[in-house]
Structure formats: C-alpha cells, structure tokens
Amino acid sequence: MTYVEDELTSQPECWTRAAAQAAAHTRALPAPGERVAVVGCGTSYFMAQAVAALREGSGQGETDAFAASEFPHGRAYDHVVALTRSGTTTEVLGLLDRLKGDIRTTALTADPDTPVTTSADEAVVLDYADERSVVQTRFATTALTLLRAHLGLHGATAVEDARTALAQPLPEGLADRTQFTFLGRGWSVGLAGEAALKMREAALSWTEAYPAMEYRHGPISVTTRSTVTWMLGDAPEGLAQQVRDTGGLWIQGTLDPLAELVRVQRLAVAVAAARGLDPDRPRHLTRSVVLDS
C-alpha cells in the first residue's frame, strides 16, 4: 500500500477527531460578523474556496479566498486564515509576515515545529492528520472538517458517508477514460477544483473543474465517449442528460460532497496504478514549495 492510500483511508477517524476539537479552537478562528480572507496554495487554496463559500453562504460574514501569492494588500479584513500542511510554504509565510501587526492571522497546519506557528498570531495544529505523501488527502479534508464544525455546518452524515466512499467499489471502466471533469456548486466548486488536482498530481490525467452551471458555456464541447463528468453535490436540472447525449459518462455524487472527494482520491490512486505510476512520487512535485529568497 502506498502512503497516500494509507492516509486517505484514515479520513473518517481524522474527521471525527477534528469535529470534536473544533470548540476548543473557537477563540483562534473567525467570529461571526468578521470580514475574513482564507488563503493557501495548491490543495489548500481549493479548501480555502470551499470554506469561504460555506461561511459567507451561511450568513456568518463576508469571506474571500485567495491563493497566498494573490492576496489583495490594501483591502480591509478583520482576520486572515492560512491553510498550510507543511508550515513552510514560501508564499504563505511571506504573506503572514507582511500582515503581522496589521491584521489578525491564524494558521492551520500539520507540523507544530515549522515557521508558520510563529509567523501567524494563532496556530491550530492538526498533527494527527499529517502525511508522508506529497499528494495531500487527509490533512486538507480534516482542516476543512474542523472549519465546517466551527461554522456549525459539519453534517451528521459526513463521517458515515466517508466510510461509504471508502467501502463502495468505484464505477467500472474509469481507468480507461482519458478525460475527467469535475463539477460543483457553492462550496463544492472548491472541492471540484481539488478533485481535478488530485487526478493531475497522482495520475497525470487530463482534468478540468467548473461551477456546474458554467459547463454548458463552452466546456461541454470537448466532452466525448472518453470523458467522465463527475458532479459533487446536486446537479442543475437537465445537465446529466446533456452530458449523456455527448456520449460522456455522467457520475452523480450521492454522498456528502467532501466524502465524494474521498471517492475521487481513490480514483486517482487507481488510475495511477493502472498506468504504472507511483502516486507517492508525483512528477515534478515536492511536499512543500520553498523558494529561494
């Protein structure tokens, strides 16, 4: 078993632990009514998009998401939350250092012995969700679960759905497909982006991600019999049939969208294995991007 396989199968336990400890971190995390920005890089950026949509959509305050390198300096925020598994990512550390003393910051990380714990005003450490694999799985979803629980939005079925996602066989014939498209709505748009990233990183697949209503506005034109279109969350009316009419394979997610992401993580590992790839050592990637100054 690869590291990533072992790590992704531990997610139900990690989520249970994160949800239980969310209340202990209330003071470190954004309060209702604060204007908040959530930042990250790579996988953490897609999780930031999901958090921002959940928080603002539930009426708890204006919330934006940015890649750490694209943070709009000069815009007023009450609180900036940074997601960083390694705690060493150059763009995140640079942003936190620049914000110090001006905007309150909190970092969610997996390693208590990294620079981010001093760069941020507050640190929430999820060391039990740390990973050896370059490809992120459980840290990202555990951080999102903690934030969902903090917002009061961690559904009672999420953990059971994750167990279902690990136990059920994947749809047949997916490893033979050459294109994978992931769709989301609201907070699951970020999850769709992360699903596509997993397929790129682990399986070197041609993948795309879109808000579901945008799929008709051009992207559907490249859908063929070799395409899988996977919906995370509820689909817009009529879209499934439009995809089937192209010859593409439509997969409707029926689980909590975060649990559907676990199914995609399994798919990425399965496609990598079918192609003779090692998902623990993705091409051209390292566990953390640390740039020379």
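Here is a short report on the structure shown in this document. (Residues numbered from 1 in each chain as written. Predicted model: local features only at pLDDT ≥ 70, side-chain atom pairs only at ≥ 80, totals over all residues. Heavy atoms only, no water.)

1. Quick look at the overall build of the protein chain
For the protein chain, the helix and strand inventory stands at ten helices and nine strands. Here the C-alpha atoms of the protein chain give a radius of gyration of 18 Å, agreeing with the 19 Å that 2.2 N^0.38 yields for 293 residues. For the protein chain, long-range pairs separated by at least 24 residues make up 71% of all intrachain contacts whose partners lie at least 6 apart in sequence. Counting only carbon and sulfur atoms, one obtains 50% of the accessible surface of the protein chain, whose full area is about 12300 Å². (Helix = DSSP H or I, 4+ residues; strand = E, 2+ residues; numbered from the N terminus. Rg over C-alpha atoms; globule rule 2.2 N^0.38 Å. Contact = heavy atoms within 4.5 Å. Areas by Shrake-Rupley, 256 points an atom, 1.4 Å probe, with all protein chains shown as cover.)

2. Some remarks on the sheet that holds strand 9 (residues 249-252)
Spatially, four strands are ordered 7-6-8-9 in an open sheet, and the strand pairing comes out parallel. The open sheet has two edge strands with one neighbour each: strand 7 (206-211) and strand 9. If you compare each strand with its neighbour and ignore which way they point, the axes differ by 20° on average. Looking at chain direction, strand 6 (residues 179-184) and strand 7 are connected through six bridges and run parallel. Counterpart to Gly184 in the pairing with strand 7 is Pro211. Lying over the sheet, helix 9 (residues 239-246) contacts strand 6, strand 8 (227-232) and strand 9, oriented at roughly 155° with respect to strand 9. (Pairing = 2+ DSSP bridges. Axes fitted to C-alpha atoms, helices over the stretch in contact; angles between N-to-C directions.)

3. Things to note about the pattern of salt bridges
Enumeration according to the criterion identifies ten salt bridges in this entry. A salt bridge links Arg85 to Glu131; its shortest N-O distance comes to 2.6 Å. Taken as a pair, Arg85 in the loop between strand 3 (79-83) and helix 4 (90-99) and Glu131 in the loop between strand 5 (122-125) and helix 6 (138-150) lie far apart in primary sequence, 46 residues in all. Judged by relative accessible area, Arg85 falls into the buried class, the value being 3%. Of the charged contacts in the structure, one is a salt bridge between Arg281 and Asp278, with a shortest N-O distance of 2.7 Å. Here the salt bridges do not stand alone but share partners, grouping Glu194, Lys198 and Glu201 into one network. (Salt bridge = Lys/Arg side-chain N within 4 Å of Asp/Glu carboxyl O. Buried < 20%, exposed > 50% of the residue type's maximum accessible area, 1.4 Å probe, protein only.)

4. Some words on the packing of aromatic side chains
Aromatic ring pairs: the centre-centre distance and the angle between the two ring planes describe each pair. On inspection of all chains with the given rule, the structure shows six aromatic pairs. A connected cluster of aromatic rings, assembled from ring pairs, spans Phe66, Phe71 and Tyr77. When the ring centre of Tyr77 is taken as reference, the NZ or CZ atom of Arg35 above it lies at 5.0 Å. (Phe/Tyr/Trp six-rings, centres within 6.5 Å; stacked < 30°, edge-to-face > 60°. Lys NZ or Arg CZ within 6 Å of the ring centre and 35° of its normal.)

5. Comments concerning the side chain of Arg263
Residue placement: Arg263 occurs in helix 10 (residues 257-274). Residue classification places Arg263 among the buried residues on the basis of a relative accessible area of 9%. Setting aside its immediate chain neighbours within four residues, Arg263 contacts Ala165, Leu170, Pro171, Trp230 and Leu255.

6. A word on the packing of helix 7 (residues 158-167) against helix 10
Where helix 7 meets helix 10, the axes come as close as 8 Å, and the angle between the chain directions of the two elements is 20°. Between helix 7 and helix 10, the crossing angle belongs to the class labelled roughly parallel. By crossing handedness, the relation of helix 7 to helix 10 is classed as right-handed. Across from Ala158, Asp161, Ala162, Ala165 and Leu166 in helix 7, the residues of helix 10 making contact are Ala259, Val262, Arg263 and Arg266. Taken together, the residues that form the contact of helix 7 with helix 10 break down as six nonpolar, no polar and three charged. (Parallel < 35°, antiparallel > 145°, perpendicular 65-115°, else oblique. Left-handed = near helix turned anticlockwise from the far one by under 90°. Nonpolar A, V, L, I, M, F, W, Y, C, P; charged D, E, K, R; others polar.)

7. A closer look at the environment of Trp230
Topologically, Trp230 is positioned in strand 8. C-alpha separation for the pair Trp230 and Val39, spaced 191 residues apart in sequence, amounts to 26 Å.

8. Quick notes on helix 9
What helix 9 keeps buried is the set Leu239, Ala240 and Val243. One side of helix 9 holds all its buried residues, which, seen down the axis, span an arc of 105°. On its buried face, helix 9 sits against strand 6, strand 8 and strand 9. (Arc of directions from axis to C-beta.)

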